[in-house]
Amino acid sequence: MRRMVLAGAAIVALAFAGFATWRSLQPPPPPPVIPLDERTFEQMTEKEREDWMRKLGYVD
Amino acid sequence: MASFPFSLLVLACLTGLLGLRFGLEFGLPALGVAALDAPSEISATMAVPPKPGGLAPAGAAGNGEGDAALTPSVCEAMSPKLQDTCWQALARQTAAADPEEALRVCVRLTTPELEVECQSDVGEAVAPTNRGLAEDICKGIPMVKWRGQCHFGIGLALAETDPEYAIARCQDAEAFRTFCRHDVVGEMAMVNLPAAVAICAREEGDTLTRKTCWHGAGKYLARRDMTEAASACAQATPSWQAQCFHGVGWGGAERDVDQALASCAAFGDYADNCRHGVANQLKRGDPTRQLAICESLQNTEARTKCLAFVTQ
């Protein structure tokens, strides 16, 4: 009985170790994008502003 | 053999745990720090604050100048689907006379975003009579978007009466800062062209900010009269005159595309900048004609930009 418990614990430990290794090798998930109109002025690039403004008729 | 079922149990538990973990990973949206440099979906429209004076003051019902006067009981009697619209209209209608009550009305809206949009409307409506309170209302709005819209609204509300104060409000309009300068200058130009020219001539801000200033004057004036707008563009900083004439083309095309193109022909060196404005304005309504106008342009820079925008 004791051996079975130890074996089970070893399997769980191995599984978690494997998972932790696998997880650390994964690229981070892509972060969500903040819509342009919910940003501060400083959080926008000039290119983003220019494209947005052109689309709405605020610049050539 | 007695241990076999136990091993199966351990394996089943492990499988279940791992299944749950991966299921959650794929089933739930990823959490993380918001990205600012990722590609963004650019909205085709922008919630430009309504022009002040669009709603009738309380008690103006039946005079044919605006909406009927609303009261809380009128809103409460409406179907749930219409109540939010009613509370927003009531808040705007109440704002100038009783801002505190208007803000209490905003609390009755059903979502946090509608509530802050309502506060932004109240801030704008209060501005002509109490600037300090209007600014305080805007500053208290927690969402960047509606805080910016609120300051934008104050700028528009005072564009005709206090140009310097109005343009200063744009500084706090966040994502809408350049849009605000464009529209405030445009509104100002309609009643006080020298003030608008003086503000644009200061050449404040980055290139885009300076360009859009002249564009706004040209566009707004062209909505009234393209010849008048062209005269105003002649006062623009030489390097931004093309920008102003682009605005003239856009503004003229909002009224009548054929007439706008005919007017553009009289603008000499800037005729193609004007036509470029007409073409850009057609992007959503008539892309085929937009392309034809772009292809007809002789000015290389205008033609290149115009064609690039067709496929953007």
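Residues numbered from 1 in each chain as written. Chains lettered and ligands numbered in written order. Predicted model: local features only at pLDDT ≥ 70, side-chain atom pairs only at ≥ 80, totals over all residues.

### Quick notes on the overall build of chain B
- Across its full length, chain B carries 17 helices and zero strands.
- Residue pairs in contact within chain B that sit at least 24 positions apart in sequence constitute 56% of those at least 6 positions apart. (Helix = DSSP H or I, 4+ residues; strand = E, 2+ residues; numbered from the N terminus. Contact = placed C-beta atoms within 7 Å.)

### So, the overall build of chain A
- Helices and strands together make up the secondary structure of chain A, namely two helices and zero strands.
- Rg of the C-alpha trace for chain A: 26 Å, well past the compact-globule value of 10 Å for 60 residues, more than 25% over.
- A principal-axis box enclosing the C-alpha atoms of chain A has dimensions of 80 × 20 × 20 Å.
- Within chain A, the proportion of its 60 residues that are buried is 18%. (Rg over C-alpha atoms; globule rule 2.2 N^0.38 Å. Buried ≥ 20, exposed ≤ 12 C-beta atoms within 10 Å, placed from the backbone.)

### Looking at the environment of A:Thr40
- Mapped onto the secondary structure, A:Thr40 falls in the loop between helix H1 (2-25) and helix H2 (46-55).
- When the 14 C-beta atoms within 10 Å are taken as the criterion, A:Thr40 is described as partly exposed.
- Non-local contacts of A:Thr40, meaning those with residues more than four positions away in its chain, are made with B:Val144 and B:Glu174.

### Some points on the environment of A:Arg23
- Along the chain, A:Arg23 falls in helix H1.
- Measuring from C-alpha to C-alpha, the distance between A:Arg23 and A:Leu6 comes to 25 Å, with 17 residues separating the pair along the chain.

### Remarks on the packing of helix H5 (residues 112-126) of chain B against helix H6 (residues 131-139) of chain B
Residue and element names in this part refer to chain B.
- Between H5 and H6, the least distance of the axes is 8 Å, while the angle of their chain directions is 165°. Relative to H6, the element H5 lies roughly antiparallel. H6 is crossed by H5, and the crossing has left-handed handedness. Residues Gln 119, Val 122, Gly 123 and Val 126 of H5 lie in contact with H6, whose contacting residues are Leu 133, Ala 134, Ile 137 and Cys 138.
- Residues of the contact of H5 with H6, tallied by class, amount to six nonpolar, two polar and no charged. (Axes fitted to C-alpha atoms, helices over the stretch in contact; angles between N-to-C directions. Parallel < 35°, antiparallel > 145°, perpendicular 65-115°, else oblique. Left-handed = near helix turned anticlockwise from the far one by under 90°. Nonpolar A, V, L, I, M, F, W, Y, C, P; charged D, E, K, R; others polar.)

### Here's the deal with helix H11 (residues 207-224) of chain B
- Taking 1.5 Å as the rise per residue, H11(B) with 18 residues should run 26 Å; its terminal C-alpha atoms sit 27 Å apart, in good agreement.
- Among the 18 residues in H11(B), 13 count as buried, and that is most of the element. (Expected span 1.5 Å × (residues − 1).)

### A look at the packing of helix H10 (residues 193-201) of chain B against H11(B)
Residues and elements named next belong to chain B.
- The contact between H10 and H11 brings their axes to 9 Å, and the two run at 160°. Relative to H11, the element H10 is oriented roughly antiparallel. The two elements H10 and H11 cross, and the hand of that crossing is left-handed. Residues Ala 196, Ile 199 and Cys 200 of H10 lie in contact with H11, whose contacting residues are Cys 213, Trp 214 and Ala 217.
- Classifying every residue of the contact of H10 with H11 by side-chain character gives six nonpolar, no polar and no charged.

### Focus: the environment of B:His151
- Its place among the elements puts B:His151 in helix H7 (residues 144-158).
- Separated by 95 residues in sequence, B:His151 and B:His246 place their C-alpha atoms 27 Å apart.

### Topic: the nonpolar core
- The biggest cluster of nonpolar side chains holds 85 residues, and the ones touching the most others in it are B:Ala91, B:Val122, B:Val184, B:Val185, B:Ala217, B:Val248 and B:Val278.
- Beyond its immediate sequence surroundings of up to four residues, B:Ala217 is in contact with B:Val185, B:Gly186, B:Ala189, B:Ala196, B:Cys200, B:Ala232, B:Cys244 and B:Gly247. (Core = buried A, V, L, I, M, F, W, Y, C linked by C-beta atoms within 7 Å.)

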